[in-house]
Every structure is written in C-alpha cells, then in structure tokens.
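Here's the letter readout for the chains.
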Amino acid sequence: MWCKGDGGHHETKVSVSTPTTGTNHNTCAVGANATISSNGRGRVEYVWSVNGKVVDSGSTYFGGAGSKSVELNEQSLSGDAAKGGTVSIAISGPNNRDSASQSYAACNKPEPGATSVKVSVSAVHDQSTCKDGKGSTINATATITVNGAAKNVVVQLWSEVGGFSKNVTLDFDKAGSQTVSYSLPAAGTNGIHAKATLAGGASDSSLATYGDHCPAAPKAEKEAPAGA
C-alpha cells in the first residue's frame, strides 16, 4: 500500500552530468561544476578529484525528484598539473553510485609586462668594399632587451652624418632580447645611435662610433736618377 504523492515504492536513483571545467590562466587554477539529478528523496554525497587526487567533498539532500548544481572552487595548479589534466566527480546516493570526468586546459599564465628596456649597439668596420672605390661599410647590430612581455617596442636607429635612419617595431612574448642588424656606408668619423622605447614610455639609448678607414693606396717608388 502506498500514499498518493510519495512516488510509489521505487528506489531512488541518482546521476551526475559531465563536469564543465574552466582554467583561470591569470592565477593558474582550475574550477568546475556539475549537475546531480535524483528521481526521489535522499541524501547524495559527492567527491571532487583533480588528476585522481581528492580535493573537495560535500553532500546535498533531495526532498524529491530534481536536480542540483554543485561546484568545485578553483584549485591551484603546479608542476605537471599546470599542463592540463582531468577533473572528476563521484557521487553516492541511497541506492546507487555514479561518476563523470572532463579534461581541463593547460594553464597559460601571461608573462608579466615589461617595465624596462635596454639597448646596445655595435659597429663592425668592413673594408671589403674599399677596393671598389665605394668606401668602407659599417655593419651594425642593435640588441634590445626587455624584462617582460611587450608589444610595439619602437626602435629608432640613425647616424650622426650621412642621413641614415631606420625605425623598427618589435613584439616580445616574454622577457628576453632581439637584435636588429643593418649596413650603411661609412662617412668619415661617424656614430650610430639606437634608441628603444616601450609603449609605457620607458626608454634607453646607445651609441657606437667608428671611423672611415680604407687602406691607403701604396705609394709608387721613385726611380733612381740615371748614373746613380
């Protein structure tokens, strides 16, 4: 005999949905949520795991058939776990168990933004073009170093005389160095300037000097006077 409204004599069954996971790339952590469903009254225990390690647990009560959402607060990731993995939830009801899993994305924590920039410039004197009567050539290299990720780093290069100038824009995904190489005709005693400026305004500059030194043509030997 059963009373109307109690659902009859049936065993309460519970189930859980596949978790929805989310990786917080700023804090390098993963969170998740899932939906527990029941066809009747009863308490449901649940356990959350990340890569097989239990990280949280709890319970919820159903007064009748229905669904409830449960959440896993963000869990910090480190080591291999930061490279991606699996979040799992296991539930236990009055008469059965269920479980589900879902992968989560690797943590790609943004590189800190650059706050400073350094630039150095070097000039190498190349005399191989002297024989063509074109004068010597300067092969210059500017090295730009930043202490963090940076976009639109403006590099200005110019010579003191000769009218050479060049502007380059560089992007850095992380702290490190990049080089800009260029060649120009040597024009007397001269200097090459390099200046690098971050989008935030920080800047640095450097100067390399050089001289135009093609080898002097050999002097012709004078013939000795006859009878000497």
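Heads up: the structure comes first, above all this text.
These notes cover the structure that comes with them. Everything numeric here is computed off the predicted structure, so don't read it as measured data.

**With respect to the nonpolar core**
- One finds Ile144, Leu157 and Tyr182 to be the most contacted residues of the largest nonpolar core, which totals 26 residues.
- When contributions to this core are tallied by element, the ones reaching two or more residues are strand E9 (117-126), strand E10 (137-146), strand E11 (150-159), strand E12 (165-172), strand E13 (176-185), strand E14 (190-197) and strand E15 (203-210).
- Looking at this core, the element that brings in the most residues is E10, giving 5 residues.
- Discounting chain neighbours no more than four positions away, the residues touching Leu157 are Ala142, Phe164, Ser165, Lys166, Asn167, Val180, Tyr182, His193 and Ala194.
- Core analysis: the second largest hydrophobic core is formed by 23 residues, Val30, Ala34, Ile91 and Tyr104 among them.

**A word on the environment of Pro110**
- Assignment of secondary structure puts Pro110 in the loop between strand E8 (97-104) and E9.
- Note on Pro110: relative accessible area 47%, which makes it partly exposed.
- Spatially, the C-alpha atom of Pro110 lies 9.4 Å from that of Thr27, the residues being 83 residues apart in sequence.
- Among residues more than four places away in sequence, those in contact with Pro110 are His25 and Asn26.

**Comments concerning the state of the cysteines**
- All chains considered together, the criterion is met by 1 disulfide.
- Here Cys28 pairs with Cys107 through a disulfide, and the sulfurs are 2.3 Å apart. With a gap of 79 residues between them, Cys28 in the loop between strand E2 (20-24) and strand E3 (29-38) and Cys107 in the loop between E8 and E9 connect regions that are remote in the sequence. You'll find Cys28 and Cys107 in the same group, each marked buried.

**Some words on the pattern of salt bridges**
- According to the stated counting rule, one finds 3 salt bridges in the structure shown.
- In this structure, Glu11 engages Lys13 in a salt bridge whose closest nitrogen and oxygen atoms are separated by 3.6 Å.
- When the shortest N-O distance is used, the salt bridge between Asp173 and Lys151 registers 3.7 Å. Here Asp173, found in the loop between E12 and E13, pairs with Lys151, found in strand E11; they are 22 residues apart in sequence, far enough to count as distant.
- Judged by relative accessible area, Asp173 falls into the exposed class, the value being 62%.

**Considerations on the sheet that holds E10**
- Here 3 strands make up an open sheet; going across it, the order is E9-E10-E13 and the pairing antiparallel. Two strands in the sheet have a free side with no partner beyond their single neighbour: E9 and E13. Going across the sheet, the axis of each strand differs from the next one's by a mean of 15°, ignoring polarity.
- In terms of strand pairing, E10 meets E13 through 10 bridges, oriented antiparallel. Paired with Ala142 across the bridge in E13 is Val180.

**Remarks on the side chain of Thr137**
- Topologically, Thr137 is positioned in strand E10.
- Under the relative-accessibility criterion, Thr137 is labelled buried at 17%.
- The residues contacting Thr137, other than those within four sequence positions of it, are Val124, His125, Asp126, Thr129, Ser183, Leu184 and Ala186.

**Regarding the environment of Ala90**
- Relative to the assigned elements, Ala90 resides in strand E7 (residues 85-92).
- Given a relative accessible area of 35%, Ala90 falls into the partly exposed group.
- Spatially, the C-alpha atoms of Ala90 and Ser15 are 9.5 Å apart, while their sequence positions differ by 75 residues.
- Residues contacting Ala90, with those up to four places away along its chain left out, are Glu45, Tyr46, Val47, Asp98 and Ser99.

Here is what the cut-offs are and how they apply
- Residues numbered from 1 in each chain as written.
- Predicted model: local features only at pLDDT ≥ 70, side-chain atom pairs only at ≥ 80, totals over all residues.
- Heavy atoms only, no water.
- Core = buried A, V, L, I, M, F, W, Y, C linked by side-chain atoms within 4.5 Å.
- Buried < 20%, exposed > 50% of the residue type's maximum accessible area, 1.4 Å probe, protein only.
- Helix = DSSP H or I, 4+ residues; strand = E, 2+ residues; numbered from the N terminus.
- Contact = heavy atoms within 4.5 Å.
- Disulfide = S-S within 2.5 Å.
- Salt bridge = Lys/Arg side-chain N within 4 Å of Asp/Glu carboxyl O.
- Pairing = 2+ DSSP bridges.
- Axes fitted to C-alpha atoms, helices over the stretch in contact; angles between N-to-C directions.

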